[in-house]
Amino acid sequence: MKWLASWKALLAALVLALSLLGWFFFKPSAKTAAVFSRQPKLEITQRADTLEFNLTDPKGLKLNVPWRVSLFTPAGLVIAQGLTKPNAKLVLAYRRAGLTPYLVSAGQFHFQGKLNRQPGAPITPLQLEVGARAARVDTQRPPALVIHPLDAQGNVSLAPVTLRLERPDDSRSVQSIAVKHLLAWAWLSTGSRTGTLRVSAGSLAARGERGEVDVMPGVVASADIKLEQSKITLNPRDVWKIHFANATDAFGNAALNGSATEFGLELFNSRLTLFGTRATVRGTSDLTVGALEVGNYRLNARADSLQRSTQALQAVAAVSLKGLPVRFSSKPKPQMFVGPLIDAQGALLDDGTPIQLDFRSDTASLYTIGLVSTNGRLGYVFPPLPKSLKFVLVSVAGLSSRLELGKP
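Being a predicted model, the structure only gives us computed values, none of them experimental. (Residues numbered from 1 in each chain as written. Predicted model: local features only at pLDDT ≥ 70, side-chain atom pairs only at ≥ 80, totals over all residues. Heavy atoms only, no water.)

A.B. asks: What's the story with the overall build of the protein in this structure? I'm lost.
C.D. replies: Counting its secondary structure elements, the protein contains one helix and 32 strands. Here the C-alpha radius of gyration of the protein, 48 Å, is well above what a compact globule of 408 residues would show, namely 22 Å. Projected onto its principal axes, the C-alpha positions of the protein cover 135 × 70 × 50 Å. Counting only residues that meet the buried cut, the protein has 34% of its 408 residues in that class. Expressed as a percentage of contacts within the protein between residues at least 6 apart in sequence, the contacts between residues at least 24 apart total 55%. For the protein, the exposed surface amounts to about 24,500 Å²; the carbon and sulfur share of it is 54%. In the protein, which carries 47 positive and 28 negative side-chain charges, the distance between the mean positions of the two groups comes to 15 Å. (Helix = DSSP H or I, 4+ residues; strand = E, 2+ residues; numbered from the N terminus. Rg over C-alpha atoms; globule rule 2.2 N^0.38 Å. Buried < 20%, exposed > 50% of the residue type's maximum accessible area, 1.4 Å probe, protein only. Contact = heavy atoms within 4.5 Å. Areas by Shrake-Rupley, 256 points an atom, 1.4 Å probe, with all protein chains shown as cover. Lys, Arg positive; Asp, Glu negative; His and termini not counted. Charge placed at Lys NZ, Arg CZ, Asp CG, Glu CD.)

A.B. asks: It is not clear to me how the pairing of strand β5 (residues 88–93) should be interpreted in this structure. Could you clarify?
C.D. replies: Consecutive residues of a regular strand have side chains that alternate between opposite faces of the sheet. What you see with β5 is a clean split: Ala-88, Leu-90 and Leu-92 sit on the buried side and Lys-89, Val-91 and Ala-93 on the side with no burial. As judged from the six bridges shared by strand β2 (residues 50–56) and β5, these two strands associate in the antiparallel manner. Paired with Leu-51 across the two strands is Leu-92, which belongs to β5. (Pairing = 2+ DSSP bridges.)

A.B. asks: Quick question: what am I supposed to make of the sheet that holds strand β17 (residues 222–227) here?
C.D. replies: Within a sheet, adjacent strands bond to each other through the backbone by hydrogen bonds, running parallel or antiparallel. Here three strands make up an open sheet; going across it, the order is β17-β19-β22 and the pairing antiparallel. Two strands bound the open sheet, and with one partner strand each, they are β17 and β22 (285–289). Sheet twist, expressed as the mean angle between neighbouring strand axes with direction ignored, is 15 degrees. Relative to β22, strand β19 (residues 240–248) runs antiparallel, the two sharing five bridges. Its bridge partner being in β22, Ile-242 is matched across the sheet by Leu-287. (Axes fitted to C-alpha atoms, helices over the stretch in contact; angles between N-to-C directions.)

A.B. asks: What's the story with the nonpolar core in this structure? I'm lost.
C.D. replies: Membership of the largest hydrophobic core comes to 23 residues, with the highest contact counts inside it found for Trp-240, Ile-242, Phe-244, Phe-263, Leu-265, Ala-291 and Tyr-297. For this core, the secondary-structure elements that each account for two or more residues are β19, β20 (260–267), β22, β23 (295–303) and β25 (313–316). (Core = buried A, V, L, I, M, F, W, Y, C linked by side-chain atoms within 4.5 Å.)

A.B. asks: Can you walk me through the layout of surface pockets in this structure?
C.D. replies: Unfilled space is identified by rolling a water-sized probe across the atoms. There is about 510 Å³ of room inside the largest pocket. Around the largest pocket, the lining comprises 24 residues; the ones closest to its centre are Leu-234, Leu-292, Pro-354, Val-396 and Ala-397. Those elements that place two or more of their residues in the lining of the largest pocket are β28 (354–360), β29 (365–372) and β31 (391–396). Here the element with the most residues in the lining of the largest pocket is β28; it accounts for three residues. Split by residue class, the lining of the largest pocket holds 14 nonpolar, six polar and four charged. Estimated volume of the second largest pocket: approximately 210 Å³. Lining the second largest pocket, in full, are Arg-96, Ala-97, Gly-98, Asn-116, Arg-117, Gln-118, Pro-119, Gly-154, Asn-155, Val-156, Leu-158 and Leu-182. By residue class, the composition of the lining of the second largest pocket is five nonpolar, five polar and two charged. (1 Å grid on protein atoms, 1.4 Å probe; cavity = no way out; pocket = protein on both sides within 12 Å on 5 of 7 lines; lining within 4 Å. Points joined across faces, edges and corners; volume = space filled by probe spheres on them. Nonpolar A, V, L, I, M, F, W, Y, C, P; charged D, E, K, R; others polar.)

A.B. asks: Which parts of the structure should I look at to understand the sheet that holds strand β4 (residues 76–83)?
C.D. replies: Reading across the sheet, the four strands line up as β4-β3-β6-β7 and stay open at both edges, with antiparallel pairing between neighbours. The open sheet is flanked by β4 and β7 (109–117), the only strands paired with a single partner. Sheet twist, expressed as the average angle between the axes of neighbouring strands with direction ignored, equals 15 degrees. Relative to β7, strand β6 (residues 98–106) runs antiparallel, the two sharing nine bridges. Bridge pairing links Leu-103 to Gln-112 in β7.

A.B. asks: Please clarify how empty space enclosed by the protein should be interpreted in this entry.
C.D. replies: Taken as a whole and judged by the stated rule, the model has one cavity of 30 Å³ or more. Approximately 50 Å³ is the volume found for the largest cavity. Gln-46, Leu-51, Tyr-94, Arg-96, Gly-98, Thr-100, Leu-115, Asn-116 and Arg-117 together form the lining of the largest cavity. Where the lining of the largest cavity is concerned, the elements lending two or more residues are β6 and β7.

A.B. asks: What should I look at first to understand unusual backbone geometry in this one?
C.D. replies: Only a minority of non-glycine residues have a phi that is not negative, and only a minority of peptide bonds are not trans. In the segment running from Thr-124 into Pro-125, the intervening peptide bond is cis, with an omega of 5 degrees. By secondary structure assignment, the location of Pro-125 is in the loop between β7 and β8 (128–131). The omega torsion across Gly-339 and Pro-340 is 5 degrees, close enough to zero to call that bond cis. With respect to the element layout, Pro-340 can be found in the loop between β27 (335–338) and β28. Despite not being glycine, Asn-246 has its phi angle at roughly 55 degrees, a positive value.

A.B. asks: Is there a simple way to explain the pairing of β8 in this structure?
C.D. replies: Of the two faces of β8, the one holding Leu-128 and Val-130 is buried and the one holding Glu-129 and Gly-131 is not buried anywhere. Strand direction decides the pairing type here: β8 and strand β10 (residues 144–147), joined by four bridges, are antiparallel. Looking across to β10, one finds that Glu-129 is bridged to Val-146.

A.B. asks: How should I be thinking about the environment of Ala-317 in this particular structure?
C.D. replies: Mapping Ala-317 onto the fold places it in the loop between β25 and β26 (326–329). Taking the C-alpha atoms as reference points, Ala-317 and Lys-62, separated by 255 residues in sequence, lie 118 Å from one another.

A.B. asks: Please explain the side chain of Ser-329 as it appears in this structure.
C.D. replies: Positionally, Ser-329 belongs in strand β26. Side-chain polar atoms of Ser-329 contact the backbone oxygen of Lys-331, separated by 3.0 Å. In contact with Ser-329, not counting residues within four places along its chain, are Pro-334, Gln-335 and Phe-337. (Polar contact = N/O pair within 3.5 Å; in protein donor to acceptor, adjacent residues only side chain to side chain.)

A.B. asks: Just to check I follow, could you spell out the packing of aromatic side chains for this structure?
C.D. replies: Going through the model one piece at a time under the given rule, you end up with nine aromatic pairs. Ring geometry for Trp-185 versus Trp-187: centroids 5.4 Å apart, planes at 85 degrees, classification edge-to-face. Look at Trp-185 and you get partly exposed, because its relative accessible area is 43%. One aromatic cluster is present, formed by Phe-328, Phe-359, Tyr-367, Tyr-380 and Phe-382 through successive ring pairs. (Phe/Tyr/Trp six-rings, centres within 6.5 Å; stacked < 30°, edge-to-face > 60°.)

Fair warning: the whole summary comes from geometry, so function is off the table for now.
The structure is reproduced here in structure tokens:
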């Protein structure tokens, strides 16, 4: 154990020697000596736009001592510095509310802390930010109002904000909202009627301009399909006149003008479909459409998520023909003639009456074309004919005639 005691003694002697050397080489000099004989007193005064830092000493403040104030602000470091005078004051232009750390260096002394500046009362005008500026009465996301009530220095005031709402259905409400996270906000309930929602705001003596929201109808929830007739002929002048009427939302407001109504007309047991889109005006949209083939049709109308369908609409042959004369001529070119087309009353069929030509072999249809009559007649010049073509089946107004083709 003797060697351990000797080691401890040697270590103690070494520490003592190092301490003496440190004192010798690093002892205080006259240049680093304290410049204040005693610690001065720091006073801080917060004014509307500035911060004042004062150094005082009841027994007299030593003059011409450098001192500096540093503010650690969200926008960066703000510094003021100078030499002590009988009235040692440094003024910094700063008006931001909230918590601001500071450091004051004066001679050999340092003062540090945090300043908490409170915002003042809000001033006029309050800026009302309203979004969206239009909303449906049945919206699941009503418009919101956001306000940053500022004081004279541009800080957000903490005074509560009072909202006053006037809705299109004449209901009114008053709501007080607190300022949190540097803003005040609230949802704006639209009510159940269309029109203009008006909102005003005040905070203490401050006021702002009125904000407005256009309250529009909700999605279409009900409507009727009205028909002036359910049965028409294939005459081009005979049409279905369809009214998609009384379109309203769930609160009874007429559908929004310009809402799209999609109409679909389907021929039973066929792939034939007609489609059209019309805009609603005062809750009504109209469609006029004719039939292309004889048969029963179904009409569908859809607006938003609402769909309505009719019972069967019937399309019948336009006229009762006395006969369907057709003939073939090979000179000067292969051609065929249909007509004259005369109805049971002895009148020519209207111009534009559809005529269907089905070109057939002995076993199948080769191709089909659709033409129209003029002055109760049709003339058709054949293109080069396939060798398999045997006859043409002509159909007009529910009647059909078979035209056997001779050799050109």
